[in-house]
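Next come the chains, spelled out residue by residue.
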Amino acid sequence: MAIHLAVAMRVIATGMTSVIRYVFTLTSTLITKRAACWSLLIMALTGLSASSFAVFAADIASSHFAANSNSNSNSNSNSGSSDAIKSDVSHIQAPISKTIVTTIQQTWQLNLLKEALRRSDSGYQVQQMSTQMNQKRKVEEALAGTVDVFWSMTSKELEETVLPVRIPLFKGLLGNRLLIIRKADETRFAKVKTMADFRQLKAGQNRYWPDATILEANGLPVVTSYQYTNLYPMLEGGRFDYLALGAQEIGEELASHPDPALKVDSHILLQYRSPAYFFVSPKRPELAVAILAGLESMVSDGSFDEMFNRELKIEQLYREAKFEQRVIIRLDTPDLSPLTPIERTELWLDLFSMQGAT
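Rules behind the numbers
- Residues numbered from 1 in each chain as written.
- Predicted model: local features only at pLDDT ≥ 70, side-chain atom pairs only at ≥ 80, totals over all residues.
- Heavy atoms only, no water.
- Helix = DSSP H or I, 4+ residues; strand = E, 2+ residues; numbered from the N terminus.
- Buried < 20%, exposed > 50% of the residue type's maximum accessible area, 1.4 Å probe, protein only.
- Contact = heavy atoms within 4.5 Å.
- Areas by Shrake-Rupley, 256 points an atom, 1.4 Å probe, with all protein chains shown as cover.
- Pairing = 2+ DSSP bridges.
- Right-handed = clockwise from strand over helix to strand, strands pointing away.
- Polar contact = N/O pair within 3.5 Å; in protein donor to acceptor, adjacent residues only side chain to side chain.
- Salt bridge = Lys/Arg side-chain N within 4 Å of Asp/Glu carboxyl O.
- Expected span 1.5 Å × (residues − 1).
- Core = buried A, V, L, I, M, F, W, Y, C linked by side-chain atoms within 4.5 Å.
- Axes fitted to C-alpha atoms, helices over the stretch in contact; angles between N-to-C directions.
- Parallel < 35°, antiparallel > 145°, perpendicular 65-115°, else oblique.
- Nonpolar A, V, L, I, M, F, W, Y, C, P; charged D, E, K, R; others polar.
- Phe/Tyr/Trp six-rings, centres within 6.5 Å; stacked < 30°, edge-to-face > 60°.
- Lys NZ or Arg CZ within 6 Å of the ring centre and 35° of its normal.

1. Quick notes on the overall build of the chain
So, point 1. Looking only at helices and strands, one finds 16 helices and twelve strands in the chain.
So, point 2. Out of the 358 residues in the chain, the part that is buried amounts to 47%.
So, point 3. Partitioning the intrachain contacts of the chain with sequence separation of at least 6 by distance along the chain shows that 76% fall at a separation of at least 24.
So, point 4. For the chain, the accessible area works out to roughly 17,200 Å², and carbon and sulfur atoms hold 51% of it.

Below is the structure:
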């Protein structure tokens, strides 16, 4: 926290040049991920585009490391220190790859990523991986640098491991969950009025998803599987009572796992804060800066909402889901980062202020 405050004070009290020089000092003395966070902070405070920031930062980095090199050459430091500085200079001045590798498939998220990169004027080309990966594997590949960017519902652990770009991709819709249930249990679910009633039902969840931890933290019984596709036969077989999925995805998901014994419940809305972000490999901090710049540009001019409403068919979803007619079961998200931009109302749908049925 002290370092965060120190950086913020530098932005306010000194020129931007000295702040960016400080960022590159961090790059040479701390981990790349932390330096990337300062870069994102500077972008947000100064309004620089990613491309402008990159050009300006490159100039500052060059002069910064040149100054350090001259200082060291005039001192009695050993050759090991000099070699370390040369290594840093080589790293900073190396050309940045314009090809990024992602696990994101042809979805709203991929279209949004491409548009954000186009807005940042960065010249990036997106290359999709065909390999299917679970959450754990995506993180491992991002840490190794094999995957540059993926999307996920967030968690504190995830934000501390890879670089989050804190613009919620679904405007909070992912945390408004509808339930896939057995048709035979429809009457049973229609009787739920309170949290105490809901706790009598057992959830099914993917063990790698943050949702499992959220449900457990709220005292809800949960049965997990390490394979998402296993959950459907487990539900039909009575291993648990419902599978909760984001309102924007549940219809398509059920259609892709057709089962005449299952249906989407029409009575309950399970609600909790669970923003989904783009997550970037710590080896590509400049990519995180570019994505953030592009997304902020889209939010600012309204094109984010326009694209979101069109691609996810939000008006139709509201009509069909009938959110306001459902009993709302609200859960806490104890693992939610304090950096979650909840106060930025333009980033969220108004679902969290609904009263719902009583």
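2. Points about the pairing of strand β7 (residues 222-225)
So, point 1. Alignment of strand β6 (residues 203-206) against β7, held across four bridges, turns out to be parallel. Looking at β7, one finds that A203 is bridged to V222.
So, point 2. At this point the chain moves from β6, through helix α11 (residues 210-217), to the parallel β7, and the crossover so formed is right-handed.

3. Section: the environment of E286
So, point 1. Mapped onto the fold, E286 is located in helix α14 (residues 285-301).
So, point 2. Looking at E286, the relative accessible area reads 22%, which means it is partly exposed.
So, point 3. Spatially, the C-alpha atoms of E286 and I96 are 8.4 Å apart, while their sequence positions differ by 190 residues.
So, point 4. Here E286 is in contact with I96 and Y124, once residues within four sequence places are set aside.
So, point 5. In terms of polar contacts, E286 uses its side chain to reach the side chain of R284, at 2.6 Å.

4. Considerations on the environment of T131
So, point 1. Residue position: T131 is located in the loop between β2 (125-128) and α7 (135-144).
So, point 2. Between the C-alpha atom of T131 and that of T103, which follows or precedes it by 28 residues, the distance is 7.6 Å.

5. Section: the pattern of salt bridges
So, point 1. All told, the structure shown has 18 salt bridges when counted by the stated rule.
So, point 2. Among the ionic pairs, R137 bridges to E141, the shortest N-O distance being 2.7 Å. Taken as a pair, R137 and E141 lie in helix α7 at a separation of four residues, close to a single helical turn.
So, point 3. Residue classification places E141 among the buried residues on the basis of a relative accessible area of 14%.
So, point 4. Three or more residues are tied together by salt bridges with common partners; here these are E115, R118, R119 and D301.

6. Regarding α14
So, point 1. For α14, with 17 residues, the first-to-last C-alpha span of 25 Å sits near the 24 Å given by 1.5 Å per residue.
So, point 2. In terms of burial, α14 is largely enclosed, as twelve of its 17 residues are buried.
So, point 3. Three or more residues of α14 are buried, namely P285, L287, A288, V289, A290, I291, L292, A293, G294, L295, M298 and V299.
So, point 4. G302 lies just past α14 and shows a positive phi near 85 degrees.

7. Comments concerning the nonpolar core
Soluble globular proteins: nonpolar side chains tend toward being buried together.
So, point 1. Among the nonpolar cores identified, the biggest contains 79 residues, and L173, F198, Y242, F278, I291 and F323 are the most heavily contacted of them.
So, point 2. Looking at this core, the element that brings in the most residues is α14, giving eight residues.
So, point 3. Core analysis: the next-biggest nonpolar cluster, separate from the first, contains eleven residues, V101, V139, A142 and L158 among them.

8. Focus on the packing of α14 against helix α15 (residues 303-311)
So, point 1. Closest axis-to-axis distance for the α14/α15 pair is 5 Å, and the angle between their directions is 90 degrees. Of the possible angle classes, the one that applies to α14 and α15 is roughly perpendicular. Listed contacts from α15 to L295, M298, V299 and D301 of α14 are S303, F304 and M307.
So, point 2. Its residues assigned to classes, the contact of α14 with α15 shows five nonpolar, one polar and one charged.

9. Observations concerning the pairing of β2
So, point 1. In terms of strand pairing, strand β1 (residues 99-102) meets β2 through four bridges, oriented parallel. Within the sheet, the bridge partner assigned to V101 lies in β2 and is Q127.
So, point 2. The parallel pair β1 and β2 is bridged by helix α6 (residues 108-119), and the resulting crossover is right-handed.

10. Some remarks on the packing of aromatic side chains
So, point 1. This model, assessed by the stated rule, comprises 13 aromatic pairs.
So, point 2. Between the aromatic rings of Y228 and Y232, the centroid separation amounts to 5.6 Å while the plane-to-plane angle is 85 degrees, which identifies the pairing as edge-to-face. Comparing Y228 with Y232 shows no difference in burial state: the two are buried.
So, point 3. The rings of W108, F304 and F308 are connected pair by pair, giving a single aromatic cluster.
So, point 4. Between K98 and the ring centre of Y124, over which it is positioned, the NZ or CZ distance is 4.7 Å.
So, point 5. For R273, the ring lying beneath its charged end belongs to F352, and the centroid distance is 4.0 Å.

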